[in-house]
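Tertiary structure, described
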Amino acid sequence: MGLFKKKDKEKKPYREIDIQKEISKAEKEESLWKKCNSCQELLYRKEVERNQHVCPKCFYHFPITVEDRIALTFDRGSFSELHSGVEPVDFLRFKDTKPYKTRLAETQESAKRNDALVCGSAKIGGISILAAIFDFNFMGGSLGSVVGEKITRTLEEGAGQRLPVILFCSSGGARMQEGIMSLMQMSKVSGAIYNLKSSRVPYITVLTDPTLGGVSASMGMLGDVIIAEPKAMIGFAGERVIRETIKAKLPPGFQRAEYLLEHGMIDMISSRKELKQKLYTLLSLIT
């Protein structure tokens, strides 16, 4: 018995080291590959990144960071951030699995920004514009009081300076931790959009995957021109909720950009590679 116990003790640390090596190896291999959200193909991550985060198999456009969006869309070095000092407040002292204040602090630390929207002035082909870009990595790009305030300020500046405003949407909808303060941003921003349009200043929206909930139901679908990336999911309620509510099978491609274009709900679909040129052409025509 003593011999068996001794062997077990000798084997245990060896086995633990072996397991750690296997876990490390598996994590490394997993980081090299990426599954497409649309066609479910397993893709070489570096190939996807070289292709501007577009699936080479089905042309699905993966979500990208705010920094990547800026680099791909605007003239080099022309983007200057605005309203970066606006910070969220825990109005309701909300708590789910953790306090909202704690969740905010953790997300701000990992995302390296105050909230889910980055605003700024920039140029596209030399044409000056104002832009607002959602960051889906910050609490799912949720629409809270800070997001609504920053978009409203940008729209007001657009009207005052007569500069076109472009909004890049990527959001799961309203931020539940802020309750009614979140929901009121829909009407607040819609009012600012009305004032911008009354000033005859262009407002363009670019809907990326995903654009859902209160963002799609207000600012996302109010553009003078509404552009979507290929295969982007766009809608209010999720597909599963709709299916279970109406007790009916939904058509193929429901809530995808191509379906919305076919039914006249958006104006065009543009690949990431062509977006800058299309925006320049639009701005040249309507400014």
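Heads up: the structure comes first, above all this text.
Criteria and cut-off values
- Within each chain, residue numbers correspond to sequence positions counted from 1 in written order.
- At least 70 in pLDDT is required for a residue's local features to be given in this predicted model, at least 80 for side-chain atom pairs to be given and counted, and no such filter applies to totals for whole chains, interfaces and linings, which use all residues.
- The basis for the side-chain values is all heavy atoms of the structure; hydrogens and waters are excluded.
- In plain terms, two cysteine sulfur atoms within 2.5 Å form what is called a disulfide here.
- Relative accessible area decides the class of each residue, using a 1.4 Å probe on protein chains only: under 20% of the type maximum gives buried, over 50% gives exposed, and in between gives partly exposed.
- Salt bridges are defined as contacts in which a side-chain nitrogen from Lys or Arg sits within 4 Å of a carboxyl oxygen from Asp or Glu.
- Elements are defined by DSSP. Helices are runs of H or I of four residues or more, strands are runs of E of two residues or more, and each kind is numbered from the N terminus.
- Any N or O atom pair separated by 3.5 Å or less is treated as a polar contact, with the protein-specific requirement of one donor-capable and one acceptor-capable atom, and with residues adjacent in sequence counted only for side-chain atom pairs.
- The contact criterion used is simple: two residues touch if any of their non-hydrogen atoms lie within 4.5 Å.
- Paired strands are those between which DSSP finds at least two bridges.
- Put simply, two rings from Phe, Tyr or Trp (the six-membered ring, in Trp's case) pair if the centres are within 6.5 Å, and we call them stacked under 30 degrees between planes, edge-to-face over 60, tilted for the rest.
- This arc is built from the directions going out from the helix axis to the C-beta atoms.
- For helices, the fitted line uses only the C-alpha atoms of the stretch in contact; every axis is such a line through C-alpha atoms, and the angle between N-to-C directions lies from 0 to 180 degrees.
- We call two directions roughly parallel when the angle between them is under 35 degrees, roughly antiparallel when it is over 145, roughly perpendicular when it lies between 65 and 115, and oblique otherwise.
- Note that Gly is not counted as nonpolar here; it falls among the polar residues with everything else outside the nonpolar set of Ala, Val, Leu, Ile, Met, Phe, Trp, Tyr, Cys and Pro and the charged set of Asp, Glu, Lys and Arg.

Considering the state of the cysteines
By the definition in use, this model includes 0 disulfides. Sulfur of Cys-55: no disulfide; nearest cysteine sulfur belongs to Cys-36 and is 3.7 Å away. With relative accessibility at 1%, the residue Cys-55 sits in the buried group.

Digging into the pattern of salt bridges
Oppositely charged side chains can pair when the atoms bearing their charge come close. Scanning all chains against the criterion turns up 17 salt bridges. Close ionic contact of Lys-112 with Glu-109 constitutes a salt bridge, the shortest N to O distance being 3.3 Å. With respect to class, Lys-112 is no different from Glu-109; both count as exposed. With its nearest N and O atoms 3.8 Å apart, the salt bridge here joins Asp-224 to Lys-197. Of this pair, Asp-224 sits in the loop between helix H7 (213-216) and strand E8 (225-228) while Lys-197 sits in helix H6 (residues 179-198); the two residues are 27 residues apart in sequence, bridging distant segments of the chain. Assessed through its relative accessible area of 39%, Asp-224 is described here as partly exposed. Assessed through its relative accessible area of 32%, Lys-197 is described here as partly exposed. Linked through salt bridges whose partners overlap, the residues forming this network are Glu-67, Arg-113 and Asp-135.

What to know about the side chain of Arg-113
As for its position among the elements, Arg-113 is in the loop between helix H4 (100-111) and strand E4 (117-124). A residue is classified by how much of its surface remains accessible, and Arg-113, at 16% relative accessible area, is buried. Here Asp-135 takes part through its side chain, which lies 2.6 Å from a polar atom of the side chain of Arg-113. With sequence-adjacent residues up to four places away left out, Arg-113 is seen in contact with Val-66, Glu-67, Gln-108, Val-118, Asp-135 and Phe-138.

Concerning the pairing of E8
The two faces of E8 match: Val-225 and Ile-227 on one face and Ile-226 and Ala-228 on the other face are all buried. As paired elements, E8 and strand E9 (residues 268-269) share 2 bridges and run parallel to each other. Among the inter-strand pairings, Ala-228 is bridged to a residue of E9, identified as Ile-269.

Points about the packing of aromatic side chains
Tallied over the full model, the rule gives 5 aromatic pairs. On the basis of an interplanar angle of 80° and a centroid distance of 5.0 Å, the ring pair of Tyr-60 and Phe-62 is categorised as edge-to-face. Consider the rings of Phe-74 and Phe-168, whose centres lie 6.1 Å apart with planes at 80°: the pair is edge-to-face. You can see Phe-74 sitting in the loop between helix H3 (66-73) and strand E3 (80-82) and its partner Phe-168 sitting in strand E6 (residues 165-171), a full 94 residues away along the chain.

Topic: the environment of Thr-208
Looking at the element boundaries, Thr-208 is found in strand E7 (residues 203-211). Looking at Thr-208, the relative accessible area reads 6%, which means it is buried. As for Thr-208 and Lys-231, which are separated by 23 residues in sequence, their C-alpha atoms are 8.6 Å apart. Sequence-distant contacts of Thr-208, defined by excluding residues within four places in its chain, comprise Arg-69, Cys-169, Ser-170, Glu-229, Ala-232 and Met-233. Here the side chain of Thr-208 touches Cys-169 through a polar contact of 2.6 Å, landing on its backbone oxygen.

Observations concerning H3
Those residues of H3 that sit buried are Val-66, Arg-69, Ile-70 and Thr-73. Summarising the axial view, the buried residues of H3 lie within an arc of 100°, below the 170-degree limit, and thus occupy one face. Where H3 is buried, its residues touch E4, strand E5 (127-134), E6, E7 and helix H10 (272-286).

Quick look at the sheet that holds E4
Think of a sheet as strands paired side by side through backbone hydrogen bonds, with each pair either parallel or antiparallel. With mixed pairing, 7 strands are arranged side by side in an open sheet as E3-E4-E5-E6-E7-E8-E9. The strands lining the two open edges of the sheet, one partner per strand, are E3 and E9. Looking at chain direction, E3 and E4 are connected through 3 bridges and run antiparallel. Among the inter-strand pairings, Ser-80 is bridged to a residue of E4, identified as Ser-121. Relative to the sheet, H3 contacts E4, E5, E6 and E7, its axis offset from that of E5 by approximately 160°.

Remarks on the packing of H3 against H10
Running from N to C, H3 and H10 cross one another at 55°; their axes reach a closest spacing of 9 Å. Overall, the two elements H3 and H10 adopt an arrangement that is oblique. Contacts between H3 and H10 involve Arg-69, Leu-72 and Thr-73 on the former and, on the latter, Arg-272, Leu-275, Lys-276 and Leu-279. The residue makeup of the contact of H3 with H10, split by class, is 3 nonpolar, 1 polar and 3 charged.

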